[in-house]
Amino acid sequence: MNSSLEMIRKVSGISALKSHFIDLIEQDKKLATSQVNSEEVSFPTLYVLSSSISSNRLTKYLSDRNKVALALRKDILAKERAPASPFPYSICETPQLIHSVLRWIVTTGANENLNSKYRFVLDRSAGLLTTIFHDPTDLPAISQLLFKRHQEGHPTHYLTWAYFSTQNVSSLLPVGERLASHDREEKHFAKELLHFIPGLNESENPYVHFRTWYEENLPYLVLNENSYELTAQLEPYCVDFMMKYKEQPGNSRLHDEEFRSLPAETQKRLSDFSYKLRKYSRSEWNEWLTRPLEAQVQSIEEVNHDTYRR
Amino acid sequence: MILIGDKVATIDDFDHRMIQNSFERQVLETLLNSSVTHTYRSRGEVVFEMQFRSAITASARELYYSGAQFADFYKSRCNPMFWNLMPDGAFQLRQGVPPAEAIVDIFRNGRIYAFECATAMIIVLYKAALRMLPPVKFNTLFADIRLWGWKYDADLRIVHNIPSQYIPGDIRYVKNPDVNPLTPEWQGENIVDMGDGMYFGHGLGFRTLPGIIDALARRRRPGAMRMPYLLETATRPGFSYLYQFATMRLEQEQNVLLFDDQLENSSLSLDEYNKKQEELLKEYITIRFPQS
C-alpha cells in the first residue's frame with residue numbers, strides 16, 4: 001500500500017503535501033511522524049517536508065533512515081565546508097545504515113526533479129555511494145540518474161566522475177547497454193562516455209562493438225589516473241597492453257623493457273595480435289612469443305589478420 | 001636550443017626591444033638554454049610564444065584581482081548581459097555580443113561571475129589570446145564561445161601532453177585522488193606556472209607547489225591515504241597556429257622588410273624607410289614593400 005504522503009505528493013503536488021503535513025502536525029504529531037517514517041515514503045517526500053520537520057522539532061522522532069538522510073542533506077547543502085571537516089554522521093560506526101540510506105536516496109529520488117538544490121543533494125549522495133562503498137550493485141541506479149541528468153540537460157560532470165569512482169570495470173556495462181537504446185540522444189551520450197573505446201564512433205553496431213571490446217579486454221583493463229578536470233573527457237580505464245600481450249604478469253620477462261619502450265600504437269598492435277593468435281592456437285602463440293620483438297612486429301605485417309579472427 | 005629554420009638561434013638574435021619584461025627573458029632563456037630542440041619557422045614566432053606566455057600569466061593575475069569567485073558547475077554564474085547560463089553550468093555567448101567584449105567583461109565585472117578551475121584556465125587563455133590577436137580576428141576566430149571546463153574552442157588548438165620540457169606559462173594539474181566526495185570540485189587543480197616559483201589556481205590564488213598540494217590535501221576525505229600530486233602533463237594553446245593571426249605579425253606585414261647579405265631580416269615603418277631610403281638601399285640587398 002502506498003503511503004498517504006506519497007500519494008498526496010504524486011497526485012496533488014508539493015504545496016498540497018506541505019500543507020497536509022502541517023495540518024497533520026497540528027492535529028497529531030505522533031501520526032505525522034509515523035507517516036513520514038513509513039517504509040513506503042520516498043526521499044523526495046522527506047526532502048519536501050524537511051523544513052516543516054525541523055521547524056516543528058520533529059527530528060528526534062524520526063526513524064534512523066530519515067535522521068541520517070536529513071543529516072546528509074544538511075551536510076551536502078552546507079554553505080561553508082571547512083577543509084577536512086569530518087562527516088557529521090558516523091560512517092565508520094554504522095556503515096551498513098549509511099550505505100542503505102544513500103542507496104534509498106538515489107533509488108527513490110532519481111526520477112524526481114524538484115529543484116537545483118535537490119538535484120545537487122542527489123548527485124552528491126551518488127558520489128558518496130560510489131566513492132565510499134564501491135558496491136557494484138549500486139551502479140544501475142546511478143547510471144539511471146546519470147542518463148536522466150543528461151536527458152534533461154543538467155550537469156553530468158561530477159556525477160560522471162562519481163560514477164566511475166566505483167573503480168569497478170563493471171561500471172562500463174550499464175553505460176554500454178545504452179548503446180542498444182532506441183533513444184538517439186541516450187545512445188549518443190553513451191558513446192560520449194565510452195569515447196575511449198577504439199572504433200566505437202565509426203562502428204555500425206556500437207553495442208556489438210562495445211561487447212566485443214569488453215569481452216576481449218576485460219582481463220587487461222586497468223584504472224586510469226587521468227582526471228576529468230584535466231581534459232574534456234574522462235577515460236576511466238585503459239588497456240594494459242603488456243598484460244594483453246603476455247597474458248600473465250609472470251609470463252616471459254624477455255621483452256618487458258623493450259616492449260615498454262615501443263610507441264603506444266605498436267604496443268597496441270602487438271597486444272591485439274598476441275591476443276588473437278593465443279585464441280587461435282596456443283602452441284603457435286607460445287612459439288611466436290619467444291621470437292625477438294622486431295620479428296614479432298614484422299610477422300604482424302606479413303600475416304593475413306583474417307586467419308586469426310575469431 | 002632554439003632552431004629557426006635550420007639555424008641555431010642565440011640571445012643576440014633577439015633585440016632587447018623584442019623582450020618586454022623579465023618573464024619573457026626567462027622564457028627565452030629557458031628555450032635557448034634547453035637541451036631540447038625547440039623548432040620555429042621564424043624569430044617572430046619565438047617572440048610571439050614568449051609574449052603569449054607572458055600574457056597568460058598577466059591574465060591569471062588579472063583574473064585573481066577581478067574578484068571572480070570559485071564555484072562548481074551547479075553554482076556557476078555569469079553576467080547575463082553577455083552570457084547565457086546553460087543548465088549544465090556552461091556560459092554560452094549571447095547572440096550579437098562580440099566575443100572579445102564578453103571575455104573582457106569577465107575581468108571587468110569579475111564579482112558577477114563564478115566558475116570552476118578548468119573554466120578559469122580557458123578564460124585565462126582566451127584573455128591572453130585577446131592580448132595577442134587583433135580584436136577583429138579574435139571575434140572571427142572565437143565567434144561562438146561556450147565556456148565549460150576544457151571543452152574549449154577548437155581554434156585555441158589546446159594540447160595536453162607530457163612535454164619534453166616545462167616552460168613558464170604552462171598550465172599544470174595537481175591531482176587529488178582521495179578528494180572528499182562532498183566536494184568533488186577539489187578533485188584536482190589546474191594551475192598556471194607563473195615562472196617565479198609560484199602557481200596560480202582559481203579558488204586558491206597564488207601559492208608555491210607545496211602550498212597548492214597542502215590546500216588540496218585539506219580537502220581530502222576523512223581517512224584519506226594518498227596525498228595530492230603534480231601530474232607530468234602540461235597544457236598549452238597552439239602558439240604556432242595562433243601566430244598566423246597575431247597582431248605583431250600583422251603590424252610587421254605593414255612594414256618594410258629589409259634583408260642584409262646574410263638574409264637576416266629586420267623591419268621598419270614606411271615613414272622611417274622614406275627618411276633613410278638612400279642609406280638603406282646601400283646596406284640592404286633586398287627590400288620588400290608591404291602588400292597594398
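Counting restarts for each chain, with residues numbered from 1 along the sequence as it is written. Chains carry letters from A onward and ligands carry numbers from 1 onward, assigned in written order. In view of the model being predicted, local features appear only for residues whose pLDDT reaches at least 70, and side-chain atom pairs are presented and counted only at 80 or more, with totals across whole chains, interfaces and linings using the full set of residues. The basis for the side-chain values is all heavy atoms of the structure; hydrogens and waters are excluded.

**Notes on the overall build of chain B**
- Only DSSP runs of H or I with at least four residues qualify as helices, and only runs of E with at least two residues qualify as strands; both kinds are numbered from the N terminus onward. Counting its regular elements, chain B contains 10 helices and 18 strands.
- The contact criterion used is simple: two residues touch if any of their non-hydrogen atoms lie within 4.5 Å. Long-range contacts, defined as pairs at least 24 residues apart, comprise 66% of the intrachain contacts of chain B with a sequence gap of at least 6.
- Methods summary: accessible areas were calculated by the Shrake-Rupley approach with a probe of 1.4 Å, and residue burial reflects only the protein chains presented. Just so you have it, chain B exposes about 13,400 Å², and 50% of that area is on carbon and sulfur atoms.

**Digging into unusual backbone geometry**
Residue and element names in this part refer to chain A.
- Although it is not a glycine, Arg 57 sits at a positive phi angle of roughly 50°.
- In this structure, Arg 57 sits in the loop between helix H4 (43–55) and helix H5 (64–77).
- Here the phi dihedral of His 134 falls at roughly 50°; this positive angle occurs in a residue that is not glycine.
- Note that His 134 resides in the loop between helix H7 (116–133) and helix H8 (139–151).

**Observations regarding the pairing of strand E11 (residues 188–193) of chain B**
All names here are of chain B.
- Exposure categories follow from relative accessible area, calculated using a 1.4 Å probe and restricted to protein chains: below 20% of the type maximum is buried, above 50% is exposed, and the middle band is partly exposed. Burial of E11 is extensive: 6 of the 6 residues sit out of reach of the surface.
- Covered by surrounding structure in E11 are Gly 188, Asn 190 and Val 192 together with Glu 189, Ile 191 and Asp 193, the residues of both alternating faces.
- When DSSP finds at least two bridges between two strands, those strands are taken to pair. Examined bridge by bridge, E11 and strand E12 (residues 199–201) share 3 bridges and lie antiparallel to one another. Each residue of the ladder has a partner; that of Asp 193, found in E12, is Tyr 199.

**Comments concerning the sheet that holds strand E2 (residues 7–9) of chain B**
All names here are of chain B.
- The 3 strands lie next to each other as E2-E1-E3, forming an open sheet whose pairing is mixed. Two strands close off the open sheet at either side, each with one partner strand: E2 and strand E3 (38–40). Pairs of neighbouring strands in the sheet enclose a mean axial angle of 35°, with direction left out of account.
- Summarising the sheet, strand E1 (residues 2–4) and E2 pair through 3 bridges and their orientation is antiparallel. The residue bridging Leu 3 from the neighbouring strand is Val 8, located in E2.
- Sitting on the sheet, helix H1 (residues 22–32) is in contact with E1, E2 and E3, with an inclination near 85° to E1. Every axis in this analysis is a line fitted to C-alpha atoms, fitted for helices over the stretch in contact. Angles between the N-to-C directions lie between 0 and 180 degrees.

**Overview of the environment of B:Arg111**
All names here are of chain B.
- By secondary structure assignment, the location of Arg 111 is in the loop between helix H3 (99–108) and strand E7 (114–115).
- Overall, Arg 111 belongs to the exposed group, its relative accessible area being 63%.
- In the structure, Arg 111 is positioned 34 residues away from Arg 77 in sequence and 9.7 Å away in space, judged by C-alpha atoms.
- When neighbours within four sequence positions are excluded, Arg 111 is seen to be in contact with Ser 66, Gly 67, Ala 68 and Arg 77.

**A closer look at the packing of aromatic side chains**
All names here are of chain A.
- For this analysis, a ring pair means two rings from Phe, Tyr or Trp (six-membered ring only for Trp) whose centres lie within 6.5 Å, classed as stacked if their planes differ by under 30 degrees, edge-to-face if by over 60, and tilted for the remaining angles. This model, assessed by the stated rule, comprises 31 aromatic pairs over all chains.
- Ring geometry for Tyr 220 and Tyr 275: centres 6.4 Å apart, planes at 80°, overall edge-to-face. Note that Tyr 220 is positioned in the loop between helix H12 (206–217) and strand E1 (221–223) and Tyr 275 in helix H15 (residues 264–280), a separation of 55 residues in sequence.
- Residue classification places Tyr 220 among the buried positions, given a relative accessible area of 7%.
- Judged by its relative accessible area of 7%, Tyr 275 falls in the buried class.
- For the pair Phe 273 and Trp 288, a centre-to-centre distance of 5.2 Å together with 50° between the ring planes defines the contact as tilted.

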